[in-house]
Amino acid sequence: MGMSERIKTVRYPKLEHFSEPNVITTTADFIFSWARSHSVFPFTYGLACCAIEMLTSGFARYDIARYGMEVFRPTPRQCDLMIVAGTVNEKMAPVLKRLYDQMSEPKWVISMGACATSGGPFYDGYNVVNGVDKVVPVDVYIPGCPPRPEALFQGLLELQGKIQQHKFVADKPALADAAAPAEEA
Amino acid sequence: MGLEVGSNPMSMDAIAALLAERFAGDLADIRIQEPDTIRTKCAPEQLKDIARRLKDDPDAGYETLNWIAGVDRQASIESIYHVYSWQTNTWLELHVDLPRENPEVDTVTGVWPAADWHEREAWDMVGIVYLGHPDLRRILLKDDFIGHPLRKDYIDLAENHPHA
Amino acid sequence: MPDEFVTPEPDEAVKLALRRIDEATARGEGSDADGLAFNEVVVNMGPQHPSTHGVLRLVVTLDGELVKDVIPVIGYLHRCKEKLAERRTYFQYIPIVDRTEYVASMNCEWAYVMTVEKLAGIQPTRRAEFIRVITGELSRMASHLVAVGTFTADLAPLGTAMVFYMFRDREYILDLLEELSGARMMFNYFRFGGVRYDLPDGWTSKCRDLMKRMPKLIDEYESLVDDNAIFLQRTQGKGVITQQDVVDFGITGPNARASAVALDLRRSRPYSVYPELDFEVCTAEHGDIFDRYRVRMDELRESIRIVEQCLDMLPKGPVQAGALRAPYVITPPPGSCYVGQENPRGEYGTYIESDGSRYPYRLKYRDPCFCNLQLFPKLLSGNKIADAVAISGSIDLVLGGIDR
């Protein structure tokens, strides 16, 4: 058998092949989550006034670079995190969905400000979508109108906590059939 | 060089008298709104002609269009043109009343090029049709929006809210 | 991720661009002087784009790097403000007006509050008028810092130091305004008959200190770009707004003043206490990008002068006309009024019609950026795409005002 055929027969182990968490998967969890959470690339999805606060948080006084998130990329292909800052309306919603779909996994969404959370002061407008969670799944909501940069940072730190909960192999729940007779009774 | 503000200052009464004289009968109900605006009305059929004459007037040429608003007055629909005269540094507010069932009026894009988008917005929001407009389509709302929101009888339709 | 990604159908604007290409080809303009056919491509810029300053969509017809035609598509931030006015009382509407031109909130509030005061016949107190001028000019300075900062950030994507310095200094101004009103950006500070809060203790001395420091900071910004050969090459002679454009499209503000049109509503239609203040109307000659930048920097210096004069002339007295609490429900008599003011971007005004009830009958905004944006097809065509980005940055658009 030639070298190339021998290479093709090698089966590479994947972390997901483990049936239960062990020291290898938890260490991998820790390393990957630490890397992902401390170098998130946000997507500049500033729509309205909150965008100015998001911009301000990137500059000198409220430095977002101390959290490793100063790499704001304008293209969804290179981003992990979409910070929806501003009001989403019916004209913008399909565009938002399309851009969200273009981001690659793993991806997270932060809804920044009252408008993105629930429509904000414009909730009864005929053209306003009451919250971006009607269009894309949201991980962290940041209230405020506009939220101060410190509030944005609190939201980002919450998101870091959420990112760090990733597990390659989840803990399995206890076997159900041992408890089933008790449940049916 | 060039464009000066207020090169021919006139008092408001003088401007009102000038308009009454030159546009006798066409501009109705000329009123002065302090400190520097004149309100007046005209009929929709004469709008194009009056707009051209207002712009070309040698003493108080209203050369710049400030804004156009559509207002739903329930009995009728009104198209308001707010224009500015550089020579006298005054404004003129021209009200044109249109029938509610068929709010059509000539476009003034041939006179004031700025009217392009202002008329599109009035069409979008109130539903006034500007005859002869080069490209009368929605500007602020999505293309398949149903209805004209700033009308008083506008009902929020579910079709306009696919993402509710 | 969806299993298959479907390319969306071209919408009205793209169809219009394609139609225009077909019409030009049919008219015989489909090739250049040497007979080489143009290879025009319709490219979509936005609504999510780092350089369009908000959710502006430009459907650009490109021939290589050359922009042939631009169709701006707006409405991605349309928040139904004019309809909301009919459902909010005059007082409840003040925070919504804030959010129109969100970088210059004080000026937006001022225009609305002045219109309602004229309708209702309320006269603000003298101390409040001076405080309004101070906060309006501070807001103007903050707005110009954002405008010029993001404009230079467009020229080299966030690679210039200027935007960092300008945003740093904008923080000093926002600190002052936050101490005064409680918010960093949308202040909700103006009331009918005055302002909400009086100046806190020590505020005037802090303001004076900042006004003393600002000229040196402005010198610092100018030293970064004024002699930079690349900046000058990219900005001089490009994107010229002619005086005919100013008349035809109703261009106002620094964009008009850069074309040697001395139109400043603080002078030509004076309001508040501006007649008593000594300041110059900053103009420039050529109307290109560099002149618009120059006019904004000059206006920063003029604003400093105005604030210092107001601090010197500030009278004592109440900051609210009438009762101690703000009039929460006012019912102006039936009538209508339009007041246009000098916003950092041009003439910003509100036309309000009242029918005697607690809610406005009709509220219409006159937004400067809406009028300025109409000039885009004419202004951007014939330039390279990089110049188009520079020109659109120099016009200083805020989509909150355009879309309302």
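In this report, the structure presented in the accompanying data block is examined. Bear in mind that the values here come from a model prediction, so they are computed numbers and not experimental data.

Remarks on the overall build of chain B
Point 1. Secondary structure summary: chain B contains 3 helices and 7 strands in total.
Point 2. Across chain B, helices and strands are ordered from the amino to the carboxyl terminus as α-β-β-α-β-β-β-β-α-β.
Point 3. If you line up chain B on its principal axes, its C-alpha atoms span 55 × 40 × 30 Å.
Point 4. Within the span of chain B, comprising 164 residues, buried residues form 58% of the whole.

Thoughts on the overall build of chain C
Point 1. Within chain C, the secondary structure is distributed over 16 helices and 8 strands.
Point 2. A compact globule built from 404 residues should have a C-alpha radius of gyration of about 22 Å, and chain C, at 23 Å, falls within 12% of that.
Point 3. Burial analysis of chain C (404 residues in total) assigns 64% to the buried set.
Point 4. Accessible area for chain C stands at about 13,900 Å²; split by element, carbon and sulfur atoms hold 52% of it.
Point 5. Distance from the positive charge centre (48 side chains) to the negative charge centre (58 side chains) of chain C: 6 Å.

Some remarks on the environment of V389(C)
Point 1. With respect to the helices and strands, V389(C) occurs in helix α15 (residues 385-395).
Point 2. If sequence neighbours within four positions are ignored, V389(C) has contacts with M45(C), S51(C) and D154(C).

Some details on unusual backbone geometry
Point 1. Following E105(A), the chain continues to P106(A) via a peptide bond in cis, the omega torsion being -10°.
Point 2. In this structure, P106(A) sits in the loop between α4 (93-102) and β3 (108-112).
Point 3. Note that the residue after C145(A), namely P146(A), is joined by a cis bond; omega there is -10°.
Point 4. You can see P146(A) is positioned in the loop between β4 (140-142) and α6 (149-163).
Point 5. Within the chain, Q74(B) stands out as a residue other than glycine whose phi angle is a positive 65°.
Point 6. Along the chain, Q74(B) turns up in the loop between β3 (64-72) and β4 (76-85).

Topic: the interface of chain C and chain B
Point 1. Tallying the contact residues gives 43 residues for chain C and 48 residues for chain B.
Point 2. In total, about 3,700 Å² of surface goes out of reach between chain C and chain B, with carbon and sulfur atoms giving 55% of it.
Point 3. By the criterion of area lost to chain B, the three top residues of chain C are V247(C), Y361(C) and Q374(C), representing 16% of everything that side buries.
Point 4. Run the count over chain C and chain B and you get 5 salt bridges.
Point 5. For the salt bridge of K152(B) with E86(C), the shortest nitrogen-to-oxygen distance reads 3.2 Å.
Point 6. At the boundary of chain C and chain B, one finds 18 residue pairs in polar contact (both at pLDDT 80 or more).
Point 7. Residue contributions to the side of chain C that touches chain B peak at 5 residues, all from helix α9 (residues 243-249) of chain C.

Some points on the interface of chain A and chain C
Many authors give the size of an interface as the accessible area that is lost as the parts come together.
Point 1. Between chain A and chain C, the residue contacts involve 40 residues of the former and 39 residues of the latter.
Point 2. When the two sides are added together, the surface that chain A and chain C hide from each other amounts to roughly 3,400 Å², 65% of it contributed by carbon and sulfur.
Point 3. Considering only the surface of chain A that becomes buried against chain C, F59(A), R61(A) and F122(A) emerge as the three largest contributors, covering 18% of it.
Point 4. On the surface where chain A and chain C come into contact, there are 6 salt bridges.
Point 5. The partner of R87(C) in a salt bridge is D124(A), with the nearest N and O atoms 3.3 Å apart.
Point 6. The tally of links from chain A across to chain C stands at 16 residue pairs in polar contact (both at pLDDT 80 or more).
Point 7. Residue assignment for the side of chain A that touches chain C shows that the elements contributing at least two residues are β1 (42-46), α3 (49-58) and α4 of chain A.
Point 8. Top contributing element to the side of chain A that touches chain C by residue count: α3(A), with 6 residues.
Point 9. Across the side of chain A that touches chain C, the residue classes tally to 23 nonpolar, 9 polar and 8 charged.

With respect to the pattern of salt bridges
Point 1. Counted under the stated rule, the structure contains 56 salt bridges over all chains.
Point 2. Residue R73(B) pairs with E353(C) through a salt bridge whose shortest N-O separation is 2.6 Å. Highlighted residues: R73(B) in the loop between β3 and β4 and E353(C) in strand β7 (residues 346-354), drawn from two different chains.
Point 3. Under the relative-accessibility criterion, R73(B) is labelled partly exposed at 26%.
Point 4. Taken together, the shared-partner salt bridges in this structure form one network comprising D219(C), E222(C), D226(C), R294(C), D298(C) and R301(C).

A few points about the side chain of T150(C)
Point 1. Its place among the elements puts T150(C) in helix α5 (residues 126-155).
Point 2. A distance of 3.2 Å separates a polar side-chain atom of T150(C) from the backbone oxygen of A147(C).
Point 3. If we ignore the near neighbours within four places in the chain, the residues touching T150(C) are L55(A), H53(C), V163(C) and F167(C).

Looking at α5(C)
Point 1. End to end, α5(C) covers 44 Å across 30 residues, agreeing with the expected 44 Å (1.5 Å per residue, within 8%).
Point 2. Counting buried residues in α5(C) gives 29 out of 30 residues, a clear majority hidden from the surface.

Details of the pairing of β1(A)
As a general feature of sheets, a regular strand has side chains that alternate between the two faces.
Point 1. Across 5 bridges, β1(A) lies against strand β2 (residues 81-85) of chain A in parallel orientation. If you follow P42(A) over to β2(A), its bridge partner there is L81(A).

Details of the pairing of strand β3 (residues 66-73) of chain C
Point 1. Burial runs high along β3(C): 6 of the 8 residues are buried.
Point 2. Between strand β2 (residues 57-63) of chain C and β3(C), which pair antiparallel and follow one another directly, the connecting turn spans 2 residues, one of which, G64(C), has a positive phi of 70°.

What to know about the packing of helix α7 (residues 203-225) of chain C against helix α12 (residues 289-313) of chain C
For any two helices packed against each other, the geometry is given by the interaxial angle and the distance between the axes.
Residue and element names in this part refer to chain C.
Point 1. It is the contact of α7 with α12, at a shortest axis distance of 10 Å, that shows an interaxial angle of 165°. In terms of axis orientation, α7 runs roughly antiparallel to α12. Our pair here, α7 against α12, has a crossing hand that is left-handed. Residue-level inspection shows T204, C207, R208, M211, K212, M214, P215, I218, D219, Y221, E222 and V225 of α7 in contact with α12, the latter providing Y293, R294, M297, L300, R301, I304, V307, E308, L311 and D312.
Point 2. Here the residues of the contact of α7 with α12 are counted per class, giving 13 nonpolar, 1 polar and 8 charged.

Some details on the sheet that holds β4(B)
All names here are of chain B.
Point 1. Pairing is mixed in the open sheet, where 5 strands are placed in the order β1-β2-β5-β4-β3. Two strands in the sheet have a free side with no partner beyond their single neighbour: β1 (28-33) and β3. With strand direction ignored, the average angle separating the axes of adjacent strands in the sheet is 20°.
Point 2. Relative to strand β5 (residues 90-99), strand β2 (residues 37-42) runs parallel, the two being bridged by 6 bridges.

A word on the environment of L397(C)
Residues and elements named next belong to chain C.
Point 1. As for its position among the elements, L397 is in the loop between α15 and α16 (399-403).
Point 2. Taking the C-alpha atoms as reference points, L397 and R345, 52 residues apart in sequence, are found 7.9 Å from one another.
Point 3. Excluding its chain neighbours within four sequence positions, the residues that come into contact with L397 are H53, L56, C369, L373, F376 and I402.

Examining the sheet that holds β4(A)
Residues and elements named next belong to chain A.
Point 1. Read across the open sheet, the 4 strands follow the order β1-β2-β3-β4; overall the sheet is parallel. Every other strand in the sheet has two partners, leaving β1 and β4 as the edge strands with one partner each. Direction aside, the axes of adjacent strands within the sheet are offset by 20° on average.
Point 2. Pairing analysis gives 3 bridges linking β3 to β4, with the strands arranged parallel. Residue pairing across strands places I110 opposite V140, the latter belonging to β4.
Point 3. Contacts from α4 reach β1, β2 and β3 within the one sheet, and its direction differs from that of β1 by about 175°.

Reading guide: rules and limits
Numbering of residues starts from 1 in every chain and runs along the sequence as written. Here every chain gets a letter starting at A, and every ligand a number starting at 1, in the order they are written. At least 70 in pLDDT is required for a residue's local features to be given in this predicted model, at least 80 for side-chain atom pairs to be given and counted, and no such filter applies to totals for whole chains, interfaces and linings, which use all residues. Remark: hydrogens and water are excluded; side-chain values derive from all non-hydrogen atoms of the structure. The helix and strand labels rest on DSSP assignments: H or I over at least four residues marks a helix, E over at least two residues marks a strand, and numbering proceeds from the N terminus. We call a residue buried when its accessible area falls under 20% of the maximum for its residue type, exposed when it is over 50%, and partly exposed in between, using a 1.4 Å probe and counting protein chains only. Computation of the radius of gyration draws on C-alpha atoms, with the globule rule given as 2.2 Å multiplied by the number of residues to the power 0.38. Computed by Shrake-Rupley with a 1.4 Å probe, the accessible areas treat only the displayed protein chains as cover when residues are assessed. Counted as positive: Lys and Arg. Counted as negative: Asp and Glu. His and the chain ends are not counted at all. For this purpose, a charge sits on NZ of Lys, CZ of Arg, CG of Asp or CD of Glu. Throughout, a contact is declared for two residues whenever any of their heavy atoms are within 4.5 Å. Buried area is a sum: the accessible area each of two parts loses on coming together, probed at 1.4 Å, counted once for each and added. Salt bridges are defined by distance alone: a side-chain nitrogen of Lys or Arg within 4 Å of a carboxyl oxygen of Asp or Glu. Residues adjacent in sequence count toward polar contacts only when both atoms are side-chain atoms; beyond that, a polar contact is any pair of N or O atoms within 3.5 Å, and within protein one must be able to donate a hydrogen and the other to accept it. Think of it as three bins: nonpolar holds Ala, Val, Leu, Ile, Met, Phe, Trp, Tyr, Cys and Pro, charged holds Asp, Glu, Lys and Arg, and polar takes everything else, Gly as well. By this rule, a helix spans an expected 1.5 Å times one less than how many residues it contains. Two strands are counted as paired when DSSP detects at least two bridges linking them. To get an axis, a line is fitted to the C-alpha atoms, and for a helix only the part in contact is used. The angle between two axes follows their N-to-C directions and goes from 0 to 180 degrees. Here roughly perpendicular refers to angles of 65 to 115 degrees, roughly parallel to angles under 35, roughly antiparallel to angles over 145, and oblique to all remaining angles. The hand of a helix crossing depends on one turn: near helix anticlockwise from the far one by less than a right angle means left-handed, and clockwise means right-handed.

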